Amino acid sequence: MRRFVILFTAILLGLFTLELLDPVQAAVIQPFTGWLADVSAAIIIPFDEHVRASGRIISHTQTGFAVSIEAGCNGVEAAIVLIAGVLAFPASAKRKAVAILLGFLAIQVMNIARIISLFYLGQWNIDAFTWTHLYLWPVLIMLDVLVVFMLYLRYLTRSEPAPA
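Think of each chain on its own: its residues are numbered from 1, step by step along the sequence as written. Selection of residues for local features in this predicted model requires a pLDDT of at least 70, selection of side-chain atom pairs for listing and counting requires 80 or more, and totals for whole chains, interfaces and linings are taken over all residues. Think of the side-chain values as coming from all heavy atoms in the structure, minus any hydrogens and water.

Draft legend 1. Seen up close, the pattern of salt bridges. For salt bridges, the criterion is a side-chain nitrogen of Lys or Arg within 4 Å of an Asp or Glu carboxyl oxygen. Tallied over the entire structure, the rule returns 1 salt bridge. We note a salt bridge from Glu70 to Arg56, for which the minimum N-O separation is 3.4 Å. Of the two residues, Glu70 is situated in the loop between β3 (66-68) and α3 (76-88) and Arg56 in the loop between β1 (51-54) and β2 (57-60); the sequence distance between them amounts to 14 residues. Of the residues examined, Glu70 reaches a relative accessible area of 35% and is grouped as partly exposed. Put simply, DSSP H or I for four residues or longer makes a helix, DSSP E for two residues or longer makes a strand, and each gets a number counted from the N terminus. Buried means the residue's accessible area, taken with a 1.4 Å probe over protein chains only, is under 20% of the maximum for its type, while exposed means over 50%, and partly exposed covers the values in between.

Laid out in structure tokens, this is it:
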């Protein structure tokens, strides 16, 4: 357990430090955040033709309401927590890679639902938007990370060969 905690902490600190570097922000994080806005808008547009994405901003051309996907709202930090947990726990490289890929996808699916829900909550009631944005969704996203990690651990224990 001590090994896991030390490794988890070291990987977490390393990945968060890497994420904050300007070249990583410019080459990876900001383009990814813009892609999230584009995907979110693409999901909404068949139901509401007045939605536009520009960079990391999703806006409604009729109401004028817009949301900007900022640092901490793109799911990257949640993914870093999951990645650190998966990498710190003993398993084969293949299993770790699959867990990271599927976990990242699960986090981003939840995050896109978060972005879309906040976009419409903000148009309906700014107080509901603020509360949901600041309190409800951060907990749900981290709960998603926990559930994915627990499913990964369960998968690992079920797929281990029985002791002889």
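Draft legend 2. Region of interest: the pairing of β1. Whether two strands pair comes down to DSSP finding at least two bridges between them. Pairing of β1 with β2, which is carried by 4 bridges, proceeds in the antiparallel orientation. Its bridge partner lying in β2, Ser54 is registered against Ile57. Between β1 and β2, which pair antiparallel in sequence order, lie 2 residues; one of them, Gly55, sits at a positive phi of approximately 65°.

Draft legend 3. Structural detail: the side chain of Asp48. With respect to the element layout, Asp48 can be found in the loop between α2 (22-44) and β1. No salt bridge is formed by the buried Asp48, whose closest oppositely charged neighbour, Arg52, lies at an N-O distance of 7.4 Å. Beyond its immediate sequence surroundings of up to four residues, Asp48 is in contact with His60 and Tyr120. This count recognises Lys and Arg as positive and Asp and Glu as negative, with His and chain-terminal groups excluded. Contact between two residues is taken to exist if any of their heavy atoms lie within 4.5 Å; hydrogens are not considered.

Draft legend 4. Quick look at the nonpolar core. Ranked by size, the top nonpolar core spans 40 residues in total, and within it Ile58, Ile69, Leu82 and Phe119 carry the most contacts. Elements that contribute at least two residues to this core include exactly α1 (2-20), α2, α3, α4 (93-124) and α5 (126-159). The element best represented in this core is α5, accounting for 9 residues. In this structure Leu82 touches Ala99, Gly103, Phe104, Ile107, Val145, Val148 and Phe149, once residues within four positions along its chain are discounted. The nonpolar core is taken to be a set of buried Ala, Val, Leu, Ile, Met, Phe, Trp, Tyr and Cys residues, with the residues joined through side-chain atoms within 4.5 Å.

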